[in-house]
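Single-letter residue listing:
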Amino acid sequence: MGSTYLGLDFSTQQLKAVVLNEELQILHETHVHFDSELPEFRTHGGVVQKKGSKEVTVPTIMWVKALDMLLEKLRVCGVDFSEIVALSGSAQQHGSVYWGKGGKAALASLNPSRFLHEQLGIPSVLSIPNSPVWMDSSTTAQCRRLESGSVGGGGAVGMARVTGSRAYERFTAAQIAKIAETKSQAYSTTERISLISSFACSIFLGDYAPIDWADGSGMNLLDIEAKDWSDECLELCAPMLRGKLGATKHSYANIGPISPYFVERFGFSPECRVVAFTGDNPASLVGMRLQEGDIAVSLGTSDTVFMWLSEPKTITEGHVLCNPAKKDAFMALLCFKNGSLTRERIRDNSADGSWEIFNELLNNTPRGNFGNMGLYFDSQEILPNAVGDFRYNKAGDKLTRFTSTEVEVRALIEGQFIAKRAHAEDFGFKIGKGTRVLATGGASVNTSILQVLADVFNSPVYVQESTNSAVLGAAYQAKHGYLLGSSEGNENENSLEAVTACLPAPTLVCSPFQDAAEVYNPMITRYRKIISAIGD
Ligand code: 5FX
């Protein structure tokens, strides 16, 4: 009988699971797609957004029902739950869950003969039925209030100095502040506030799980150097907050044994350990085995870029998070809201909804796109702060449309990667001889897109076998936390690097063309001019 590890990822559009063996090879994987498999929740792209509204939420219980379905699917796949020695998970960042006064008791007394969603979907357990998620941008007023205090010396810079980011609309502090203001009754009956990651972890633990440092860094509440809630932030945010957030833990903490619910219902071993859950971006950093000097580009619903930092850096355009793989390190994160949904929109309008045609159009246009440039933001973008389509010709004139679909397709992909490189360079990233771009996420299977990535970054692009780095990262953390044990074990012997050393190196998929720097360096300068003009 072999030992296995279970990783889960509560991403925006689906819930994924992977079971790995001792060598970290994939034995089983499955998923539940929210829009199509849980149509009763009427989500679009995994979320609920009223037309014209900046509020974006998810019925919290949808994630629980998805978990019920996922576990059944794993059973059907033939997973032997008794072999799983540890599990961990990741989730879309920033979203929050509000447990009512009966939350803790319900977690501790789950009836194994009933579904989870039947037992957790009641007002005494969830004091607020809908969770605000990362796509919400309705909290500008709360952000201004948070930055008007004296955190870290005050202002956006002060907030970034302490929490790793200036106040952002999707970050949990602004979302909690809005709930405390607009739903004060429900807020006061809230016993615990979880992130989506710690919410999911709580279900497996049968008790409230701690928020981990890496996902906690996406809240504007954690002092990322002290690894504790900042009292100044808490006070500015909402009343009685420290008690509602509970303690924090590092991201591979081995928290406790699995709840008896899973032992009795699915045959998990009572010894199976639950390792802290974290955010999808930190988990991706783990899943990609990012090394110092590399840059990772994740192409999903949101596109994200991350880098390893040994020291925190104060920056107001981007985020610094505690590193999920090493307690005293940090990571840089850049988030671009308009990722795959925007690529799909241009594919539908310019390429008949076909990726094949899209790639042909992309391959048939020259690097630099005849001097045309485009930026496409279907919804309010984070970096830069803009919404709408922006098209320019070689002379810099603003156009309403390009003359051909080829130009449109290339403008989209070049524009997306130019933005990523420009903002990464603002963070101090420098392209060097040894630079590796590690690509992951759904669109990283598309080599035409990756070729543009290699050219814009003038660096080779690598991928790994699975494009699901977040769910893999969660499973690697399960092993990492398991080997360290609850007494913390030997950190060096069981570092993440040592734990994942058995895995093959990533595969080189695209190298830049000779003229890449010559074509794209000037386009980076042009991008900076365009976005400063958009901001005016
Ligand atoms: C990061 O800051 C984000 O908001 C997104 O990448 C979410 O984590 C997507 F799940």
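Residues numbered from 1 in each chain as written. Predicted model: local features only at pLDDT ≥ 70, side-chain atom pairs only at ≥ 80, totals over all residues. Heavy atoms only, no water.

Caption draft 1: View of helix H18 (residues 447-457). Most of H18 sits out of view: 9 of its 11 residues are buried. Buried within H18 are the following residues: Ser448, Ile449, Leu450, Val452, Leu453, Ala454, Asp455, Val456 and Phe457. Capping the start of H18, Asn446 holds a side-chain oxygen 3.0 Å from the backbone nitrogen of Ser448, two or three residues further along. Where H18 terminates, the next one or two residues include Asn458, which has phi positive at roughly 45°. (Buried < 20%, exposed > 50% of the residue type's maximum accessible area, 1.4 Å probe, protein only. Helix = DSSP H or I, 4+ residues; strand = E, 2+ residues; numbered from the N terminus. Polar contact = N/O pair within 3.5 Å; in protein donor to acceptor, adjacent residues only side chain to side chain.)

Caption draft 2: Quick look at the sheet that holds strand S22 (residues 388-392). Strand order in the open sheet formed by 3 strands is S21-S22-S23, with antiparallel pairing between adjacent strands. Whereas interior strands pair on both sides, the edge strands pair on one side only; in this sheet they are strand S21 (373-377) and strand S23 (398-399). Direction of pairing for S21 relative to S22: antiparallel, over a ladder of 5 bridges. Residue Leu375 lies in a different strand from S22, and its bridge partner there is Phe390. Strand contacts of helix H17 (residues 405-426): S21 and S22, with the helix running at about 75° to S21, the strand carrying the most contacts. Across the sheet, helix H21 (residues 516-535) is in contact with S21 and S22; its angle to S21 comes to roughly 50°. (Pairing = 2+ DSSP bridges. Contact = heavy atoms within 4.5 Å. Axes fitted to C-alpha atoms, helices over the stretch in contact; angles between N-to-C directions.)

Caption draft 3: Highlighting empty space enclosed by the protein. Across all of its chains, the model carries 1 cavity of 30 Å³ or more by this definition. By volume, the largest cavity amounts to about 100 Å³. Asn338, Tyr376, Phe377, Gly415 and Gln416 are, among the 13 residues lining the largest cavity, the residues nearest its centre. Broken down by secondary-structure element, the contributors of at least two residues to the lining of the largest cavity are S21 and H17. Broken down by element, the lining of the largest cavity gets its largest block of residues, 5 residues, from H17. For the lining of the largest cavity, the per-class residue count stands at 7 nonpolar, 4 polar and 2 charged. (1 Å grid on protein atoms, 1.4 Å probe; cavity = no way out; pocket = protein on both sides within 12 Å on 5 of 7 lines; lining within 4 Å. Points joined across faces, edges and corners; volume = space filled by probe spheres on them. Nonpolar A, V, L, I, M, F, W, Y, C, P; charged D, E, K, R; others polar.)

Caption draft 4: Main features of the packing of helix H16 (residues 355-363) against H17. It is the contact of H16 with H17, at a shortest axis distance of 8 Å, that shows an interaxial angle of 90°. It follows that H16 is roughly perpendicular to H17 by the angle criterion. Across the interface between the two elements, Phe358, Leu361 and Leu362 from H16 touch Thr405, Glu406, Val409, Arg410, Leu412 and Ile413 from H17. By residue class, the composition of the contact of H16 with H17 is 6 nonpolar, 1 polar and 2 charged. (Parallel < 35°, antiparallel > 145°, perpendicular 65-115°, else oblique.)

Caption draft 5: Representation of the site of the ligand within the structure. The local shell around the ligand consists of Thr12, Gln92, Gln93, His94, Trp134, Arg170, Asp280, Asn281, Ser302, Thr304, Leu333 and Cys335. Contact between the ligand and Asp280: an oxygen atom at 2.8 Å from a side-chain N or O atom of the residue. Between Ser302 and the ligand, the recorded distance is 2.9 Å, taken from a side-chain N or O atom to an oxygen atom. Relative to its free-state accessible area of 290 Å², the ligand is covered by the protein chains to the extent of 98%. For the ligand, the cavity whose grid points lie within 2 Å of the majority of its atoms is the largest pocket. (Near = heavy atom within 4 Å. Areas by Shrake-Rupley, 256 points an atom, 1.4 Å probe, with all protein chains shown as cover. Sits in = over half its atoms within 2 Å of the grid points.)

Caption draft 6: Structural context of the state of the cysteines. Scanning the model with the defined rule gives 0 disulfides in all. Considering cysteine sulfurs only, Cys233 is the nearest to Cys237, which forms no disulfide, with 8.5 Å between them. Here Cys502 stays free of any disulfide, with the sulfur of Cys272 as its closest cysteine sulfur at 19 Å. Accessibility expressed as a relative area gives 43% for Cys502, which makes it partly exposed. (Disulfide = S-S within 2.5 Å.)

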